[in-house]
Amino acid sequence: MKGEQATIIHINVTDFAAAVAIAKQPFLADTAFAIAKEGTSRRIIITPSRRAFEEGVRSGMPVATAIRLLPSLQLVPPDTVSYAKANAAIMKIALQYSPTIQEDSGGHVYLDVAGTSRLFGPSVDCAVRIRNEMHDQLSLEPAVAVSANKLVSKIGTRTIRPCGITQIRNGEEAAFLSRQDVSLLPGVGSSIGRLLSVAGIKEIGQIAALDDVQVVAFLGKRGLSLRDAARGLDFSTLDSHTLGQRRIFRRVDFAEPIGELDLLRAAIVSAFEDAGLSLRKDRLGCSIVKVSLSWSDGAFSEAFQRTKGQWVLDQELIVAGWSATTQAMNRRVRIVAFNLSLQGLSLAWKEPDLFVPEGPTKDERLQSAVDATRVRFGPAILTHAAAVFRV
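If you're wondering where the values come from, they're calculated on a predicted model, not measured in any experiment. (Residues numbered from 1 in each chain as written. Predicted model: local features only at pLDDT ≥ 70, side-chain atom pairs only at ≥ 80, totals over all residues. Heavy atoms only, no water.)

Some remarks on the pattern of salt bridges
This model, assessed by the stated rule, comprises 14 salt bridges. A salt bridge links Asp15 to Arg50, with the shortest nitrogen-to-oxygen separation between them at 3.3 Å. Here the residue Asp15 occupies a position in the loop between β1 (8-12) and α1 (16-24), and Arg50 occupies one in helix α2 (residues 50-54), the gap between them amounting to 35 residues. Residues Asp228 and Arg227 are paired through a salt bridge, measuring 3.1 Å at the closest nitrogen-oxygen approach. Note on Asp228: relative accessible area 27%, which makes it partly exposed. Judged by relative accessible area, Arg227 falls into the buried class, the value being 5%. Residues participating in the shared-partner salt-bridge network are Asp104, Arg246 and Asp282. (Salt bridge = Lys/Arg side-chain N within 4 Å of Asp/Glu carboxyl O. Helix = DSSP H or I, 4+ residues; strand = E, 2+ residues; numbered from the N terminus. Buried < 20%, exposed > 50% of the residue type's maximum accessible area, 1.4 Å probe, protein only.)

Set out below in structure tokens:
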């Protein structure tokens, strides 16, 4: 990463919804509370306060579970108007220091201050000014990090949250990342975290040290992306669109028009797996899945699925995507192409896995169940039909 400039600033207001609530009602600072919708069945925790988090309350946890865990937990309804105002105020402050900004909402903003150093001095000075203005004007205490790319800056804010400031200098990225806990690496959710723990991998540097063969053998081909992230490699640029405007889009064109349902489903599954990987790389969830079919006679049809919660994992996206596909299949004409898009993007409530490690197949699970039954009750208890109906 030599030759790059440490000009990417990441602003991270930890537990954004809870932080905004405290800014509006300072007495909540000493209270264990959580943001949760009112009057809905099977409610979940949207954001716990820092005190509630310390007591074990987590985002995505059912409210009933959280209250059993912490009977004194105070529930606060979401205040979307205040969240929008806070995001706009953060952007107003950030835009004073750079026109190159990516807003991910929820108190997450990236700035590239490469072209403004003559006006405001070194990038770390800009970061200090931004942090101070957010504190003085908005009563928000962000974590702020400066480095050469978005990935390292993101990890930087995670190491110091809930608040503070840090700078990762050029050429020091590998040393900085190597001793950090693997849970701070974007893409390490509960599934991969358990897998790494079993293997004795606790620090990011241990993943970075793996060669291609070791990574593929341990994590599969998709693990290469995780290993590259562990090395601090990130070539993505800032996206100026707000998170609500962004889309994850994929298009598949068939070599020849198809009419076979199995071929279409295989292509849909593959496309949603690829889109899901992009979703999880940015720690996002989506609430809308849209599929558009292009027919051989030039017509097209489309349908979508929507959820009140979030879709993050491949299986969730595939089920929703295939449902939308079958709704759009209202004609008996061959299909030449399809588009899919993931919309309604928001920061994931829980850290999503960059990928879910491949587990046993359906046949393997069935075989395991059959073997366990035979061991318990004897080999003859279960057998194939072909073995019963002999000629």
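That shown, we press on.
What about the packing of aromatic side chains?
Scanning all chains against the criterion turns up three aromatic pairs. Taking 4.8 Å as the distance between ring centres and 55° as the angle between the ring planes, the aromatic pair formed by Tyr97 and Phe120 counts as tilted. A residue pair is termed long-range when its members are at least 10 positions apart, and Tyr97 in the loop between α4 (80-95) and β5 (101-105) and Phe120 in helix α5 (residues 117-120) qualify at 23 residues. Tyr97 sits in the buried class, given a relative accessible area of 4%. Overall, the relative accessible area of 19% leaves Phe120 in the buried class. Ring centres of Phe254 and Phe338 lie 6.0 Å apart, and the angle between their planes is 50°; this geometry places the pair in the tilted category. Taken together, the positions of Phe254 in strand β9 (residues 248-258) and Phe338 in strand β12 (residues 335-343) put the pair 84 residues apart, joining distant regions of the chain. Phe338 carries the same exposure label as Phe254, and that label is buried. (Phe/Tyr/Trp six-rings, centres within 6.5 Å; stacked < 30°, edge-to-face > 60°.)

Considerations on the nonpolar core
Core analysis: the biggest nonpolar cluster contains 34 residues, and Ile9, Ile90, Val109, Leu111 and Met134 have the highest contact counts within it. Looking at this core, the elements with two or more residues in it are β1, α1, β2 (33-35), α4, β6 (108-112), α6 (123-138) and β7 (143-147). Ranked by the residues each element gives to this core, the list is headed by α4, at seven residues. Once you skip the residues sitting within four places of it in the chain, Val109 turns out to touch Ile9, His10, Ile11, Ile90, Met91, Ala94, Ile101, Gln102 and Glu103. Grouped together as the second largest cluster of nonpolar side chains are 30 residues, Leu279, Cys286, Leu342 and Leu345 included. (Core = buried A, V, L, I, M, F, W, Y, C linked by side-chain atoms within 4.5 Å. Contact = heavy atoms within 4.5 Å.)

Focus on the environment of Ser59
Within the secondary structure, Ser59 sits in the loop between α2 and α3 (63-69). C-alpha of Ser59 to C-alpha of Ile204: the two residues are 145 residues apart in sequence and 24 Å apart in space. Apart from residues lying up to four places away in sequence, Ser59 is in contact with Ile45, Ile46, Thr47, Pro48, Trp349 and Lys350. A distance of 3.1 Å separates a polar side-chain atom of Ser59 from the backbone oxygen of Ile46. (Polar contact = N/O pair within 3.5 Å; in protein donor to acceptor, adjacent residues only side chain to side chain.)

Considerations on unusual backbone geometry
Look at the link from Arg161 to Pro162: it is a cis peptide, with omega at 20°. Backbone geometry places Asp15, a non-glycine residue, at a positive phi of 50°. In this structure Asp15 comes out as partly exposed when scored by relative accessible area, which is 22%. Unlike most non-glycine residues, Arg283 shows phi in positive territory, near 55°.

A word on the sheet that holds β1
Here five strands make up an open sheet; going across it, the order is β5-β6-β1-β7-β8 and the pairing mixed. With partners counted over all chains shown, the strands left at the sheet margins are β5 and β8 (164-167), one partner each. Strand after strand, the sheet turns through a mean of 10° between neighbouring axes, direction not considered. Where β5 meets β6, four bridges bridge the pair, whose relative direction is antiparallel. (Pairing = 2+ DSSP bridges. Axes fitted to C-alpha atoms, helices over the stretch in contact; angles between N-to-C directions.)

Quick word on helix α12 (residues 223-230)
Of the residues making up α12, those classed as buried are Gly223, Leu226, Arg227, Ala229 and Ala230. Down the axis of α12, the buried side of the element spans an arc of 160°, and every buried residue falls inside it. Where α12 is buried, its residues meet α7 (150-160), α8 (173-178), α9 (190-198), α10 (204-208) and α11 (212-219). A positive backbone phi angle near 80° is found at Gly232, which sits one or two residues after α12. (Arc of directions from axis to C-beta.)

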